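One-letter residues, chain by chain:
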Amino acid sequence: MSKDGTHDLELLRQMLRIRRFEERCVELYSASAIRGFLHLAIGEEACAVGVFQALGPEDAVVSTYREHGHALARGISMRAVLAELEGKVEGTSRGRGGSMHLFDAGARFYGGNAIVAGGLPVAIGLALADHLQGRRRVTACLFGDGAVAEGEFHESMNLAALWHLPVLFVCENNLYAMGTSLARAQAETDLALKASAYRMPAWAADGMSVRDVEDTARRAADAVRAGGGPYFVELRTYRFRAHSMYDPDRYRDKAEIERWKERDPIPALVTELTEAGLLSEATWRAIQDGVQAEVDDATAYAESGTLEPVEDLTRFCVADADADAGAEAVAGQALAESRVP
Amino acid sequence: MSAVTMVAAINAALRDAMDGDDKVVVFGEDVGRLGGVFRVTDGLSDRFGPQRCFDTPLAESGIVGLAIGLAIRGYRPVPELQFDGFSYPALDQALNQLAKYHSRSGGLVDLPVVVRIPSFGGIGSPEHHSESPETHFAHTAGLKVVCPSTPGDAYSMLREAIECPDPVVYLEPKQRYWTREEIDLPLRTEPMDQAVVRRAGDDVTLVAYGNAVATAMAAAAEAEVQAGLAVEVIDLRSLAPIDVDAVVASVEKTGRCVVVHEAPRTLGIGAEVAALVQERAFYHLEAPVLRATGFDTPYPPARLERDWLPGVDRVLDAVQAVWEQ
């Protein structure tokens, strides 16, 4: 804890931003402003905020589909993230990516990914590029416990360790791969232990404590940056809401959810800082008001954004022919030409 | 001029591309120290060092994912997937990731990746080593798929693919690896997205690619001898996109079209060509478009291979069928 609490207050503010943002997403989803799938990380905010304290702007990030918090903690504007969720061209990637594929090359945020473990091999390539060029940069690769069962996890862990690549593997273990609990999916449920089989340092941290996450992530990122090869961090956390907006959440005991809610990282930090005399009622009110204002601003921004015109449907498929012809026009042309005897 | 094999042409294309741009890197299973199963990458690791031509573990998804990450960072990766069937474990990275990053990034990120895949049958190797994987890739928007049939094209199209800002799946007809052509390297042939007329004729159009081009040429020569038919042979070269204009121009002339490929018939490139021809040249057709293809079965063991592959006889049967309509 910093002496004047400035840093801790910032951690608190960032967690609250993510929480309030995702709560707004629920409303916008119910209002059909956000379509498709929506996966919330409410309860897991300490992971995103803690990990990103350890990364600099030169570092790269590869994420997973539950990544709104990662994007916000990375510093991508809330306006752009929400516009992306609403499919607006003002979004991080013109609305093409949506909730599961937030992508911002400028922020070196190389995408969420709807394929569980699909981002891991890509992270290895990014890290190899840094390694080949002798750059002391970290590629942070975030994924859930479900990814550990995928073949791409094992291919990537092995490649990173074999070639001593600067990858920080971050597993947000929320104990459920959608509806399948870790115990029903893994023979070895101690994921840090499993990772250590690849001959890389692997530590577990309390994913409900932003301070513990930050400390662990800093230690790991520093080691990676110093040329120590890959590092695996398991963050033991929990999502308070269902897997997605469609998920009836029948696979978890309500009492289990309530037990984890008692460890909600936001009130925990509020209590801690208040008791340490670092957070007054007025400061807490100001933080909440500031976050609320940002969420309202982002909502208005996204709402006033532009949906991609249908004429753009065939654009950006390939780079050298960002086609302006729609599929309908091509079909019409083919028909017209076939009528010429 | 010298007689250059396709293996040597591809090797030269990789070497020249690596000479010209230090961001071109080659990697895959046994491509470094061994120089590849078919010796396509022979000598590259010695010449350019293990940082630019290196071996990977057996991890096909990892190989394609590595290429994506490297390409995002400014490299021009040319990974090899050792055999056609081995590309299937990499389909997640190829179809879900490689093909989609450009669109997913709103057009901001290019992925100049060339995935080389020794492909098709005809060398007596079993299933998983004789597959025709083209439809899987050609069916996925965001990937270009090309397939040379001559050493000259193999060189030129690989150079062009490496220069291309988009992901290109480069299918090497391994049965043709040791065929020779009198050429001077370096050379540039027609752009890789254009089909080429290999033999001109007014009576029947044969459309082929890869190994099947040689079969089509042999069948065309036989049709002339046996029936006096002038058969035009079109080498598609690019399977995604297909140069439909070239095919249509030929069919407008001949009114008859047969597509030849090794891949199983159902939903193969032949189905797409037939659909395009009837869309664009329906009133020029004198007969239905026919296909001479592999069967809808797993690839057979070596002793049945010659019966399975569409050989000259099956192509001639199809030519005769469209001619007699």
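Residues numbered from 1 in each chain as written. Chains lettered and ligands numbered in written order. Predicted model: local features only at pLDDT ≥ 70, side-chain atom pairs only at ≥ 80, totals over all residues. Heavy atoms only, no water.

*Asks:* Talk me through the overall build of chain A; I want residue IDs and the actual numbers.
*Replies:* When you go through chain A residue by residue, the secondary structure sums to 13 helices and seven strands. For 341 residues, the compact-globule estimate of 2.2 N^0.38 gives 20 Å, and the C-alpha radius of gyration of chain A, at 21 Å, lies within 12% of that figure. Taken over the C-alpha atoms alone, chain A extends approximately 85 × 50 × 40 Å along its principal axes. Contacts in chain A between residues far apart in sequence, at least 24 positions, make up 74% of those at least 6 positions apart. A total accessible area of about 13900 Å² is found for chain A, and carbon and sulfur atoms account for 52% of it. A gap of 2 Å separates the mean positions of the 36 positive and 52 negative side-chain charges of chain A. (Helix = DSSP H or I, 4+ residues; strand = E, 2+ residues; numbered from the N terminus. Rg over C-alpha atoms; globule rule 2.2 N^0.38 Å. Contact = heavy atoms within 4.5 Å. Areas by Shrake-Rupley, 256 points an atom, 1.4 Å probe, with all protein chains shown as cover. Lys, Arg positive; Asp, Glu negative; His and termini not counted. Charge placed at Lys NZ, Arg CZ, Asp CG, Glu CD.)

*Asks:* Which residues make up the packing of aromatic side chains, and what values go with them?
*Replies:* Overall, the coordinates contain 20 aromatic pairs over all chains when judged by the stated rule. Ring centres of A:Phe37 and A:Tyr246 lie 5.8 Å apart, and the angle between their planes is 75 degrees; on these two criteria the pair is classed as edge-to-face. With a gap of 209 residues between them, A:Phe37 in the loop between helix H1 (6–30) and helix H2 (45–52) and A:Tyr246 in the loop between strand E7 (231–236) and helix H10 (254–261) connect regions that are remote in the sequence. Ring geometry for B:Phe38 versus B:Phe83: centroids 5.4 Å apart, planes at 65 degrees, classification edge-to-face. With B:Phe38 in the loop between strand E2 (24–28) and helix H2 (44–48) and B:Phe83 in the loop between strand E4 (76–80) and helix H4 (91–98), this pair connects stretches of sequence that are 45 residues apart. Judged by its relative accessible area of 9%, B:Phe83 falls in the buried class. Site record: aromatic cluster; members linked through ring pairs are B:Phe38, B:Phe83, B:Phe86, B:Tyr177 and B:Trp178. Sitting over the ring of A:Trp203, A:Arg219 keeps its end group 5.2 Å from the ring centre. (Phe/Tyr/Trp six-rings, centres within 6.5 Å; stacked < 30°, edge-to-face > 60°. Buried < 20%, exposed > 50% of the residue type's maximum accessible area, 1.4 Å probe, protein only. Lys NZ or Arg CZ within 6 Å of the ring centre and 35° of its normal.)

*Asks:* Give me the sheet that holds strand E1 (residues 60–62) of chain A: which residues, what numbers.
*Replies:* All names here are of chain A. Here five strands make up an open sheet; going across it, the order is E1-E2-E3-E7-E6 and the pairing parallel. For this open sheet the edge positions go to E1 and strand E6 (202–206), each flanked by a neighbour on one side alone. In this sheet, neighbouring strand axes are inclined to one another by 20 degrees on average, regardless of whether the strands run parallel or antiparallel. Of the strand pairs in this sheet, strand E2 (residues 139–144) and strand E3 (residues 167–173) are connected by six bridges, and their pairing is parallel. Residue Ala-140 lies in a different strand from E3, and its bridge partner there is Leu-168. Set on the sheet, H2 makes contact with E1, E2, E3 and E7; between it and E3 the angle comes to about 165 degrees. Those strands touched by helix H5 (residues 120–132) are E1, E2 and E3, and its axis lies near 170 degrees from that of E2. (Pairing = 2+ DSSP bridges. Axes fitted to C-alpha atoms, helices over the stretch in contact; angles between N-to-C directions.)

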